[in-house]
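# Structure at a glance
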Amino acid sequence: MFTTLKNRFEQGYKTCNYPKEKPAVFTRYRGRPIVQKDAPLEVIQACAAACPQDAIDISAKKIDMGRCIFCGTCEQISQGRFVQFTGDFEIATAQKEHLITDGNLPSLAEHSKQHFKGLFGKSLQLRQVSAGGCNACEADLNVLATPFFDLARFGINFVASPRHSDGIVVTGPVSKNMRTALLKTYEAIPEPKVVIAVGSCALTGGPFVGSPEISQGLDTILPVDLFIPGCPPHPLTNLHALLTFFK
Ligand code: SF4
Ligand code: SF4
């Protein structure tokens, strides 16, 4: 006990001050993309041809963040003339079509469901289901429990049983083998309940898009309330989404 108190005294308070202050993210982090609409057509076409996710709409000059894996290829090829990635990690949306963007995102706060804030604003218990993902999305959700993010200080926790939860957080492309387990978990959660899709895989299939072994987006199976893009989404992206949507 004395050692614990001594360590705490020596190490000080480690929790970040978000959302009051935005922590600095790593300089190589790729957040919200900004599209230069006046980029030469041949540059846009070269980016679209090189995109491994078919995430670039040439005619609309927009990027689908639901499909994008934030690999940076388009920024590299265009040398920033078509796409530039910013350090803005606040990129979750309440509607899937809002993920298709030229860099301007609608306010998540304005599109959040007010009755959810009333129901879950003070206490939100979530069950996480990894539905065939690579484990990176899950790892970046796990770190929300560490002292730096300290998700529990907001009354939000991940729980073991769906019967104790208010909603489900799904990662992974929902492989055929995980579909039944996912649906059973969803059914076990009492109403009213929320559904949160985390990561490119859950949003659209991600790197596995087009495979007959997966669903082509969680919203084809369950009614998704909150879409969090990334591959994986930054922990701060998850934190921002949860706080903005439910608080
Ligand atoms: S960063 Fe996204 S849009 Fe650009 S090439 Fe990679 S997957 Fe495609
Ligand atoms: S979205 Fe990317 S990081 Fe997340 S499970 Fe899929 S492949 Fe892994």
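Each remark here, short or long, concerns the structure printed above.
What this report covers is the structure whose coordinates are included nearby. (Residues numbered from 1 in each chain as written. Chains lettered and ligands numbered in written order. Predicted model: local features only at pLDDT ≥ 70, side-chain atom pairs only at ≥ 80, totals over all residues.)

The immediate surroundings of ligand 2 are formed by 13 residues, with Gly133, Cys134, Cys137, Gly199 and Cys201 found nearest. Of all the secondary-structure elements, those providing two or more residues to the shell around ligand 2 are α6 (136-142) and α8 (200-204). Each residue belonging to the shell around ligand 2 can be placed in one class, and the counts come to seven nonpolar, six polar and no charged. (Near = placed C-beta within 6 Å. Helix = DSSP H or I, 4+ residues; strand = E, 2+ residues; numbered from the N terminus. Nonpolar A, V, L, I, M, F, W, Y, C, P; charged D, E, K, R; others polar.)

Let us now look at the site of ligand 1. Surveying the vicinity of ligand 1 reveals 14 residues, the closest of which are Cys51, Cys68, Cys71, Thr73 and Cys74. Grouping the amino acids of the shell around ligand 1 by side-chain chemistry returns eleven nonpolar, three polar and no charged.

The next thing to look at is unusual backbone geometry. In this model, Tyr18 is joined to Pro19 through a cis peptide bond whose omega is 10°. Structurally, Pro19 can be placed in the loop between α1 (2-11) and β1 (33-35). Within the chain, Phe70 stands out as a residue other than glycine whose phi angle is a positive 55°. Of note, Phe70 is situated in the loop between β3 (62-64) and α3 (73-78).

Attention shifts here to helix α9 (residues 235-246). Under the 1.5 Å per step criterion, the end-to-end length of α9 is 17 Å for twelve residues, consistent within 8% with the ideal 16 Å. Where burial is concerned, most of α9 is hidden: eleven out of the twelve residues are buried. Among the residues of α9, those classed as buried are Pro235, Leu236, Thr237, Asn238, Leu239, His240, Ala241, Leu242, Thr244, Phe245 and Phe246. (Expected span 1.5 Å × (residues − 1). Buried ≥ 20, exposed ≤ 12 C-beta atoms within 10 Å, placed from the backbone.)

Glancing now at the pairing of strand β6 (residues 124-130). Summarising burial for β6: six of the seven residues are buried, a large majority. The pairing of β6 with strand β7 (residues 156-158) spans three bridges and is classified as parallel. Pairing of Leu124 across the sheet is with Ile156, part of β7. With α6 bridging β6 and its parallel neighbour β7, the resulting β-α-β unit is right-handed. Of the pairings in the sheet, the one linking β6 to strand β8 (residues 167-171) comprises five bridges and is parallel in character. (Pairing = 2+ DSSP bridges. Right-handed = clockwise from strand over helix to strand, strands pointing away.)

Formed by 60 residues in total, the largest nonpolar core has its most connected members in Val170, Ala197, Val198, Leu226, Phe227 and Ile228. Setting aside its immediate chain neighbours within four residues, Val198 contacts Cys137, Leu141, Val169, Val170, Thr171, Ile228, Pro233 and Asn238. (Core = buried A, V, L, I, M, F, W, Y, C linked by C-beta atoms within 7 Å. Contact = placed C-beta atoms within 7 Å.)

The next point concerns the sheet that holds strand β5 (residues 100-101). Spatially, β2-β3-β5 is the arrangement adopted by the three strands of the open sheet, whose pairing is antiparallel. Looking at the sheet topology across the chains shown, the edges are occupied by β2 (56-57) and β5.

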